[in-house]
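What follows is the residue order along each chain.
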Amino acid sequence: MTRRMRLAAYSAAALVTLWLILDFVLPHVISTSETSTGHWQTPFPVVVLGLIEGASYGMLAAGLVLIYRSNKIINFAHGEVGAFAASFFAIEVTRWHIPYWAALVPALVVAGLIGVLIDNTVVRRLRNAPAVMSVVATLIAGEGLSAFSEVINSHSVGGTVTVPEPSGLPTFSVGALLVTQSYVAILIIAPVAVAAVGLFLKFSRSGRGIRAASDNSDAARMAGIPVNVMSSIAWAIAGGLAALTAILTAPSGGAGGGGFGPSLLLIALTGAVLGRMRSLPGAMVGGLAIGVLEQLLAWNSQNGGIVEMALFVLIVVALLVQRQPIGRGEDKGSWSVIQPSRPLPATVRKLRSVKVIERAPWLVFFAVLAALPLMVDNGTSQSLTVTVAFTIVALALGVVTGLGGQLSLGQFAISAVGAYASWEIARRTGNYVESFAYAAAAGAVLSVLLGLPAVKARGLMFAVTTLAFGLVVPDYLLGESWVLGTGQEPGRPIIHGHAIKSGHAYYYFALVILLISLVFAYNVRRGGLGRRLVAVRDNEDAARSFSISATWTKVQCYALAGALTGVAGAMYGHSLPQIGYDGWPITASLGVVEIAVIGGLGLLSGPIFGALVVSGPTYFTIGPLGTALLSQVYLWTVLFLPGGVVQLPLALRKWVVAWIARRAGIDFAAEAAAERGITEATTEARQIPDFARPAHRRVTGSGALLDVRDLKVSFGGVHAVRGMTFEVREGETLGLIGPNGAGKTTTFELIAGFVRPDAGTVRFRDADITRLSPEARARRGLIRSFQDAALFPTLTVSECVALALERTSPTSVSLAALGIRPGERRKLADAQELLDWMGLSRFRSSVIGELSTGTRRITEIACLVALQPELLLLDEPSSGVAQRETEALAELLARLRRELSLTMVVIEHDMPLIMGLSDRIVCMADGEEIAIGTPVEVQRHPAVITAYLGGEMPAAVPAGAAR
């Protein structure tokens, strides 16, 4: 089926689904008592209005798709770019009296230039940072544009200046609907604009360059395509689409009154998701469907939030069905950018003065917080309580985003469910301890449910679902009569028979909750639990090969963050005079994101500093210009301090610690350099640690530890592996060789479970594991390495080895969250013993991302030993290692095989190494086996010589050097 046929089929299916929903599902979902007529209606004028509105949504969604295709991020400033251009357009036509169509061109140019500016100053600077940083930066940039729009033109917030209807177009009526000139312009311009962009991408040289750069930027650069220029062109076009949308919808209120805020962004984002974030026609069709759905819901239902609820359901279903990552896939090491500090050298950390400096700031901080009520009135204490609640939610965001790598744009909305649960239990039982426990449980369950669409995908899908939920909570959920209705009296917690009524008393209660939350977040971050979360965030595939379930780890992350958020919601809800829908606006959730990111996601203290910076100005009255300038300060903070403002006190701490070290006779710089891996690690033949000694291994009945039969897999018509069949006997080393593109790594992917075969079976110890996940295979003892040896860039060497020990000594999540870590000391001691054996002791505090390739290779091998494999799949272990170290690597692998009784399958391009190491060799070409036998037999095989371009195979390393 061609791409056009697939697109047509997808569009037809979407339209049929929409028709079924409108005519069969919604009439039964919406009670007739909620409709204005008593029964479901689909008037033709309402459908026409929906198509008009939908065309504008589709045009806006097409701009989001274009940015996603070029940069793999979601531009949260997209609507504000258009709104700013509409404000400038209003000035042109109303103050400068420029004709409508003549004024349109400068406005589009302004929007395009703003898009290019965001691309060059924001996106490009954060290209090596996690995708969440780019999203938050565009979010802040959008807030700044909105504030500047208000500064230059009051029309941007619903002032007296209006935008006229486009001239020269007809008006007509469809039933009771008056199709105005702006409606006619939308119907004509929107599909033409989207079609023109599509044709530009397909047929123009720049369009083809944009598509090539988005598919593979490295290959595009090698082909001479200026990737940065292509990105700027894409941003300029997207800005023009946003401007067209805002200007054409302005007469009906689209650009004014804050109409281009989060609600409209969600609508456009839903259309983009329906277009799979890749198809411009799909985004237009999705926008049309949403427009019709929105108007029919507004016509038939008296509930104002039903549209947001429908969009939430639609976007979740679409994401679940498509199973497509939304957002940029993280590059390994991108999270290193936000790590604000490196561990202090071990010799420095042992100093008593340094230990005091590590703890003293927390004591001073809480002493200051405890003294605040003595200097302010009850009303200010109440405001400080709200800030404490925001800080706790930001701590939860630090767990789900900082550790888990999943951006939540509706975290504060999750706290609303916690507040509701606490209110319900408290009014029924009067037990506030129980009510807070239920709040934690409700927050955990809800967070997991919202995260389910993102569990199997990588990227920003969690941001999409939580943004939708953040809009549903205040607009639909909380206002329902069966929830809170118009508002309820929350009640104050009762301690020893006394209700906490005064603002001062409740502030101290909130302070206790903050302290408990800090301890909880600290427990989550440290030990085996934190290592697992960071491992999945840094390198999901490597974590799965370490036997860690990425799915279960993400679920745990959602639950832990949700529980903390639920408690914050309960504390916040009981502090309010009335609990209702107005206490949880979407701006609060977005504000929490800014607190967490601006403060610093990498450290526990980050949200505290963020609360001081972001919430501090709210205690003062500032105008639109002040808001605009403040947003610029926040934006530049994200750009130049990606680790957050917490980096500033950390820099001071480093200076003080260095001074203390000098007084103690320690060269701080030299110690830090030694732990950063300036020199290569050495492998010393010490005695193997007892825990790594293999237990008695059962020999399988067939004599084969691994049995691969007729494995086949194709990718887009390319037959990557075609009928691979071989077996690996216990204690054997099997080499897998072949030219580039032969299918060797894909064969490893099939054996390790990262790719599902189209046909064939994989048996391990006589058990069929063909359908098992990589982590399930790793738990059975089938362990693989990766060619890049990236490991987990933000973990230290010691933490990586301790993470590998999770296979045999897993950390209990519930106990770890409570600060109970049985076996943690034993695990760290075993890791240290293994590092001593491998000659890596002085690198134990070094961050993986800063190690040289050779040292990282040795660290990876130490981790593989800690995993206690029965079968080890090594993918090009000499890749990136200097030639002079190859023989030492061969000695190390031979020693591991001998002392650990390992069975290995090794992919290697270094022929002397692989020939000297292997008992048997399998040679592949074009996805299939062409020879199998001893190294000597394979070297002489005619098909092998032909596969290597007719050259002679290199001689093997002498047997004594490799074995």
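Preceding this section is the structure that the text describes.
Here we summarise the structure given alongside this text. Computed from a predicted structure; not experimentally measured. (Residues numbered from 1 in each chain as written. Predicted model: local features only at pLDDT ≥ 70, side-chain atom pairs only at ≥ 80, totals over all residues. Heavy atoms only, no water.)

### Remarks on the overall build of the protein
Point 1. Of regular secondary structure, the protein possesses 38 helices and 14 strands.
Point 2. For the protein, with 963 residues in total, the buried portion stands at 58%.
Point 3. Summarising the internal contacts of the protein: among those between residues at least 6 apart in sequence, 77% fall at separations of at least 24.
Point 4. For the protein, the computed accessible surface area is about 37,900 Å², with 61% contributed by carbon and sulfur atoms. (Helix = DSSP H or I, 4+ residues; strand = E, 2+ residues; numbered from the N terminus. Buried < 20%, exposed > 50% of the residue type's maximum accessible area, 1.4 Å probe, protein only. Contact = heavy atoms within 4.5 Å. Areas by Shrake-Rupley, 256 points an atom, 1.4 Å probe, with all protein chains shown as cover.)

### Observations concerning the pairing of strand β13 (residues 920–925)
Point 1. Counting buried residues in β13 gives six out of six residues, a clear majority hidden from the surface.
Point 2. Side-chain alternation along β13 places Arg-920, Val-922 and Met-924 on one buried face and Ile-921, Cys-923 and Ala-925 on a second face that is also buried.
Point 3. Sheet topology note: the strand β7 (residues 733–737)/β13 ladder contains four bridges and is parallel. Within β13, the position partnered with Leu-736 by the bridge is Val-922.
Point 4. Note that β13 and strand β14 (residues 928–933) share five bridges and pair antiparallel. Each bridged residue has a counterpart across the sheet, and for Ile-921 the counterpart in β14 is Gly-933.
Point 5. Linking β13 to β14, which pair antiparallel, is a turn of two residues; within it Asp-926 sits at a positive phi near 55°. (Pairing = 2+ DSSP bridges.)

### Comments concerning a nonpolar patch on the surface
Point 1. A contiguous nonpolar patch, built from Val-105, Val-109 and Leu-113 and spanning about 280 Å² of accessible area, is present on the exposed surface.
Point 2. Within the secondary structure, Val-105 sits in helix α4 (residues 100–123). (Patch = residues over 30% accessible without salt bridge, like charges linked within 9 Å, V, L, I, M, F, W, Y side chains within 5 Å. Salt bridge = Lys/Arg side-chain N within 4 Å of Asp/Glu carboxyl O.)

### A word on helix α10 (residues 262–274)
Point 1. Here α10 spans 18 Å end to end across 13 residues, near enough to the 18 Å set by a 1.5 Å rise per residue.
Point 2. Among the 13 residues of α10, eleven are classified as buried, and the element is accordingly described as predominantly covered.
Point 3. Buried within α10 are the following residues: Leu-264, Leu-265, Leu-266, Ile-267, Ala-268, Leu-269, Thr-270, Gly-271, Ala-272, Val-273 and Leu-274.
Point 4. Two residues or fewer past α10, Arg-276 is found with a positive phi of approximately 60°. (Expected span 1.5 Å × (residues − 1).)

### Notes on the packing of aromatic side chains
Point 1. Within the structure shown, the criterion is met by 18 aromatic pairs.
Point 2. Note on Phe-546 and Phe-792: the rings are 5.3 Å apart at their centroids and 90° apart in plane angle, and the pair reads as edge-to-face. With Phe-546 in the loop between α21 (540–545) and α22 (550–575) and Phe-792 in the loop between β10 (782–784) and α30 (797–804), the pair connects residues that are 246 residues apart, well separated along the chain.
Point 3. Accessibility expressed as a relative area gives 3% for Phe-546, which makes it buried.
Point 4. For Phe-792, a relative accessible area of 0% gives the class buried.
Point 5. Relative to Trp-584, the ring of Tyr-572 lies with its centre 5.2 Å away and its plane at 90°, an arrangement referred to as edge-to-face. One end of the pair, Tyr-572, is in helix α22; the other, Trp-584, is in the loop between α22 and α23 (586–599), with twelve residues separating them in the sequence.
Point 6. We classify Tyr-572 as buried; its relative accessible area is 8%.
Point 7. Assessed through its relative accessible area of 1%, Trp-584 is described here as buried. (Phe/Tyr/Trp six-rings, centres within 6.5 Å; stacked < 30°, edge-to-face > 60°.)

### A closer look at unusual backbone geometry
Point 1. A positive phi is found at Leu-791, a non-glycine position, where the angle reads about 55°.
Point 2. Mapped onto the elements, Leu-791 comes out in the loop between β10 and α30.

### Brief notes about the packing of helix α15 (residues 378–403) against helix α16 (residues 411–429)
Point 1. Put simply, α15 and α16 touch, their axes get as near as 10 Å, and they point 115° apart. You can see that α15 and α16 cross each other, and the crossing is right-handed. Contacts between α15 and α16 involve Phe-390, Val-393, Ala-396, Leu-397 and Val-400 on the former and, on the latter, Gln-411, Phe-412 and Ser-415.
Point 2. Grouping the constituent residues of the contact of α15 with α16 by class yields six nonpolar, two polar and no charged. (Axes fitted to C-alpha atoms, helices over the stretch in contact; angles between N-to-C directions. Left-handed = near helix turned anticlockwise from the far one by under 90°. Nonpolar A, V, L, I, M, F, W, Y, C, P; charged D, E, K, R; others polar.)

### Let's talk about the sheet that holds strand β6 (residues 718–729)
Point 1. With antiparallel pairing, four strands are arranged side by side in an open sheet as β6-β5-β8-β9. Each edge of the open sheet is held by one strand with a lone partner, namely β6 and β9 (767–768).
Point 2. Relative to β9, strand β8 (residues 759–764) runs antiparallel, the two being bridged by two bridges. The residue bridging Arg-763 from the neighbouring strand is Asp-768, located in β9.

### Some remarks on the nonpolar core
Point 1. In terms of nonpolar packing, the biggest core is built from 297 residues, with Met-571, Trp-584, Leu-706 and Phe-792 touching the most fellow members.
Point 2. In terms of residues, this core owes the most to one element, helix α2 (residues 44–71), which gives 15 residues.
Point 3. Not counting residues within four places of it along the chain, the set of residues in contact with Phe-792 comprises Ala-535, Asp-538, Asn-539, Ala-542, Ala-543, Phe-546, Cys-800, Leu-803 and Ile-848.
Point 4. In terms of nonpolar packing, the next biggest core, distinct from the first, is built from ten residues, Val-348, Val-657, Ile-660 and Phe-668 among them. (Core = buried A, V, L, I, M, F, W, Y, C linked by side-chain atoms within 4.5 Å.)

As far as function goes, none of this settles anything; it's purely spatial.
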